[in-house]
Amino acid sequence: MAHDSGTTVRDHGGALALAALRLFGVDTLFTLSGGHVFPLYDAAVKRDPPTRIVDVRHEQTAAFAAEGHARLTRRPGLAVLTAGPGVTNGMSAITQAYFNGSAVVVLGGGGPQARWGSGSLQELDHVPMLAPVTKLARTVAAVEDIPAVVHEATATALTPHRGPVFVDLPIDVVFAEGEAAIPPAAVPAAAEPDPDQVAAAARLVAEAERPMLVAGTDVWWAGADAELMAAVEHLRVPTFLNGQGRGCLPADHPLAASRTRSLLKTEADVVVVAGTALDFRLSFGRFGSATVVHLVDSDEGRARHVDAVTVAGDLRRTLAGLADYDGPRTDHESWVDSVRDLEAAAAADEVPLLAAAATPILPTRIYGELRKRLDRDAVVVCDGGDFVSYAGKYVDVYEPGCWLDSGPYGCLGTGMGYAMAARLAHPDRQVVALLGDGAAGFSLMDADTLVRHQLPVVMVVGNNGIWGLEKHPMQALYGYDVAADLQPGCRYDQVVAAMGGAGETVTDPDQVGPALDRGLASGVPYLVNVLTDPADVYPRSSNLG
Ligand SMILES: Cc1ncc(C[n+]2csc(CCOP(=O)(O)OP(=O)(O)O)c2C)c(N)n1
Ligand SMILES: [Mg+2]
């Protein structure tokens, strides 16, 4: 039975919840089994159209997968977590979604309302824990209220500034039957930016001598990639991309920059930051003496710690306004040319590192081989420390929605969740998950989920046998390190093979490329375990994330 918007439905709570979500385009749920949430499974299987159930091995993977799915499809990602430990296991991933502004809906099972306080199995009041890391956290008290609450929560998740929401469904509420209307899926529009402020921001950029722009995650969520390109082409601004902004301007666009970040602090006189926070990744919004223009998707995005010329509202309209600017302007061509020359020189300097023949293998060699093999629309997932810092530097992104990193919360353990989300969102593309050996340990058991659900991805482990991003700094600070070593040469490929996938260990730099080829051609979850040099330290400078 299909549930149409506006129709009144009589059904159990699970069916009422999924009916409300279906109208927002939710067709997949990520979960790990628990009796408290059985009605949601029943609805997923028996109501029409069915909702795909991806059952994982740890709830953090379910919540990371829901976030990854949301970030790649720009539809709400759905995680269904059972009461108590199911919900608490999802907390880090939900928090990461909060920091990333990702539209994730978490439906939690809950202990029975009728016996609340008597010590039921897995009874925990989730809402006070979830409230600080969600846009909305609510317990539904009556089955008839489920569609309205789920609808309000989903619309809230999708409203800029986006973020996760949590709806608690007590077991006696979700198993009950009730009658309720399914509200139509109307997502409130983003606020209109003030046209005078948009014009003033455009003029600042147009009249600058050496403007630069950084575009981030919310540009992609706003669907504003075309407007971004039009704006920077019209105003002639060298542009960096970070987070989910990567690919909104193709890496080989003449105005795309990635290797000259230090110019933001040393040369730029106006820095425009669009759709991302002025956080540690952007030196807290301080760029030498440059005037900072901050384009944010909502009032909550206004930075309080730094003075910036801020325009709040729909980023599509704001960027379209920049593209329409027709006032006075300064010629930027020599500036654009000088940035392009510096970018080309920096890229030329990288060539020997990308081809390095050293043994143990340098991480840069892995990226050199990967760059030759990645399609323009490949989806790349990053989970780790130093190893994936190189990805930020050397993986060029050509299309929007092709990149999943952890974002400013920096939680390790995303790998398998993000990888399965990528494969589900893009069944026909290359999906490559780059994993530190430490990071891999958080989620590798969920390679089993990739196998069971036939979700082939290539995993590449930069296996330096250490928690490199912690070991090297501890050495630098204390002259010794502790709690920073892993098993050298550990056979993570055999872990995946044991679960029904495949893989291999690589120690010869000339075998990295052929191993990647075998992985990409295998059609199964395939782990390329590359033993890398533990002495290699990522050269840390300004980090745009
Ligand atoms: C859940 C979580 N625990 C701990 C950390 C702290 N941390 C950040 S990077 C890092 C080391 C990662 O090691 P690995 O994945 O092996 O990558 P490498 O730096 O060795 O390339 C650690 C432990 C974190 N960010 N998230
Ligand atoms: Mg490591």
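Data block above holds the structure.
About the criteria used
- Residues numbered from 1 in each chain as written.
- Chains lettered and ligands numbered in written order.
- Predicted model: local features only at pLDDT ≥ 70, side-chain atom pairs only at ≥ 80, totals over all residues.
- Heavy atoms only, no water.
- Helix = DSSP H or I, 4+ residues; strand = E, 2+ residues; numbered from the N terminus.
- Rg over C-alpha atoms; globule rule 2.2 N^0.38 Å.
- Buried < 20%, exposed > 50% of the residue type's maximum accessible area, 1.4 Å probe, protein only.
- Contact = heavy atoms within 4.5 Å.
- Lys, Arg positive; Asp, Glu negative; His and termini not counted.
- Charge placed at Lys NZ, Arg CZ, Asp CG, Glu CD.
- Salt bridge = Lys/Arg side-chain N within 4 Å of Asp/Glu carboxyl O.
- Near = heavy atom within 4 Å.
- Polar contact = N/O pair within 3.5 Å; in protein donor to acceptor, adjacent residues only side chain to side chain.
- Areas by Shrake-Rupley, 256 points an atom, 1.4 Å probe, with all protein chains shown as cover.
- Donors = N, O, S within 2.8 Å, 3.2 Å for Na, K, Ca; no water.
- Patch = residues over 30% accessible without salt bridge, like charges linked within 9 Å, V, L, I, M, F, W, Y side chains within 5 Å.
- Axes fitted to C-alpha atoms, helices over the stretch in contact; angles between N-to-C directions.
- Left-handed = near helix turned anticlockwise from the far one by under 90°.
- Nonpolar A, V, L, I, M, F, W, Y, C, P; charged D, E, K, R; others polar.
- Pairing = 2+ DSSP bridges.
- Arc of directions from axis to C-beta.

Caption draft 1: How the structure looks around the overall build of the chain. In terms of helices and strands, the chain carries 22 helices and 19 strands. For a compact globule of 545 residues, the expected C-alpha radius of gyration is about 24 Å, and the chain comes in at 24 Å, within 12% of that figure. If you line up the chain on its principal axes, its C-alpha atoms span 70 × 60 × 45 Å. Counting every position in the chain, which comprises 545 residues, the buried fraction comes to 58%. Considering only residue pairs separated by 6 or more positions, the chain has 76% of its internal contacts joining residues 24 or more positions apart. Between the centroid of the 41 positive side chains of the chain and the centroid of its 66 negative side chains there is a distance of 2 Å.

Caption draft 2: Spatial organisation of the pattern of salt bridges. Scanning the model with the defined rule gives 31 salt bridges in all. Between D27 and R75 there is a salt bridge, with its nearest N and O atoms 3.6 Å apart. Of this pair, D27 sits in the loop between α1 (13–22) and β2 (28–31) while R75 sits in the loop between α3 (59–73) and β4 (77–81); the two residues are 48 residues apart in sequence, bridging distant segments of the chain. The exposure class assigned to R75 is partly exposed, which follows from its relative accessible area of 30%.

Caption draft 3: Seen up close, the environment of R340. Turning to its location among the elements, R340 is positioned in helix α14 (residues 333–354). Classification of R340 by relative accessible area gives partly exposed; the value is 35%. Spatially, the C-alpha atom of R340 lies 7.6 Å from that of L255, the residues being 85 residues apart in sequence.

Caption draft 4: Fine view of the site of ligand 1. Contacts to ligand 1 come from 18 residues, most closely from D386, G410, D437, G438 and G468. One of the backbone N or O atoms of G385 is found 3.1 Å from an oxygen atom in ligand 1. Measuring from an oxygen atom of ligand 1, one finds a backbone N or O atom of D386 at 2.7 Å. Taking 590 Å² as the accessible area of ligand 1 by itself, protein coverage stands at 78%. Breaking the shell around ligand 1 down by element, the ones donating at least two residues are α16 (386–394), α18 (437–443) and α20 (468–478). A per-element tally of the shell around ligand 1 places α18 first, with four residues.

Caption draft 5: Spatial organisation of the coordination of the magnesium ion (ligand 2). Only D437 (OD), N464 (OD1) and I466 (O) from the protein coordinate the magnesium ion (ligand 2), and they sit 2.0 to 2.2 Å from it. Positions of the donor residues of the magnesium ion (ligand 2) along the chain correspond to the pattern D-x26-N-x1-I. Taken as a pair, D437 in helix α18 and N464 in the loop between β17 (458–463) and α20 lie far apart in primary sequence, 27 residues in all. By relative accessible area, which is 2% here, D437 ends up buried. In this structure N464 comes out as buried when scored by relative accessible area, which is 17%.

Caption draft 6: Up close: a nonpolar patch on the surface. The grouping of L477, Y478, Y480 and V482 at the surface amounts to a nonpolar patch, some 490 Å² of accessible area in total. Among the structural elements, V482 can be located in the loop between α20 and α21 (492–498). According to the relative accessible area criterion, V482 is partly exposed, its value standing at 49%.

Caption draft 7: Region of interest: the side chain of D405. By secondary structure assignment, the location of D405 is in the loop between β15 (403–404) and α17 (415–425). Overall, the relative accessible area of 10% leaves D405 in the buried class. Among the polar contacts made by the side chain of D405, one reaches the side chain of W403 at a distance of 3.0 Å. At 3.3 Å, the side chain of D405 and the backbone nitrogen of G407 are in polar contact.

Caption draft 8: Region of the structure containing the packing of α1 against helix α7 (residues 146–158). Two elements in contact, α1 and α7, have axes whose closest approach is 8 Å; the angle formed by their N-to-C orientations is 35 degrees. Both α1 and α7 take part in a crossing whose hand is right-handed. Across the interface between the two elements, G13, L16, A17, A20 and L21 of α1 pack against I146, P147, V150, H151 and T154 of α7. Across the contact of α1 with α7, the residue classes break down as seven nonpolar, three polar and no charged.

Caption draft 9: Up close: the sheet that holds β4. The sheet built from six strands is open, its strands ordered β3-β2-β4-β5-β7-β6 with parallel pairing. One side of each edge strand has no neighbouring strand; the edge strands of this open sheet are β3 (52–55) and β6 (136–139). Across the sheet, the mean angle from the axis of one strand to that of its neighbour is 20 degrees, orientation sign disregarded. Across five bridges, the pairing between β4 and strand β5 (residues 104–110) is parallel. Counterpart to V80 in the pairing with β5 is L107. Each of β2, β4 and β5 touches α3; the most contacted strand, β4, lies at about 165 degrees to it. On top of the sheet, α7 reaches β5, β6 and β7 (165–170); it is set at about 165 degrees to β7, its chief contact.

Caption draft 10: Representation of the pairing of β3. Both β2 and β3 contribute to a ladder of four bridges, which runs parallel. In the strand pairing of β3, T31 is matched with D55.

Caption draft 11: View of the sheet that holds strand β18 (residues 502–506). Pairing is parallel across the open sheet formed by six strands, whose spatial order is β15-β14-β16-β17-β19-β18. Of all strands in the sheet, those bounded by a partner on one side alone are β15 and β18. Strand direction decides the pairing type here: strand β14 (residues 379–383) and β15, joined by two bridges, are parallel. Opposite V381, over in β15, you have L404 as the bridge partner. Of the strands in this sheet, β14, β15, β16 (431–436) and β17 are in contact with α16, which crosses β16 at around 135 degrees. Its contacts with the sheet put helix α22 (residues 512–522) on β16, β17, β18 and β19 (526–531), and the angle it makes with β19 is roughly 165 degrees.

Caption draft 12: Inspection of α20 at higher detail. Among all positions of α20, only G468, K471, H472 and M474 are buried. Along the axis of α20, the buried positions cluster into a sector of 160 degrees, meaning they face one direction only. Across α20 from its buried face, at more than 90 degrees, point the exposed residues E470, A476, L477 and Y478. In this structure, the buried side of α20 is in contact with α16. One or two steps after α20, the chain reaches G479, where phi turns positive at roughly 80 degrees.

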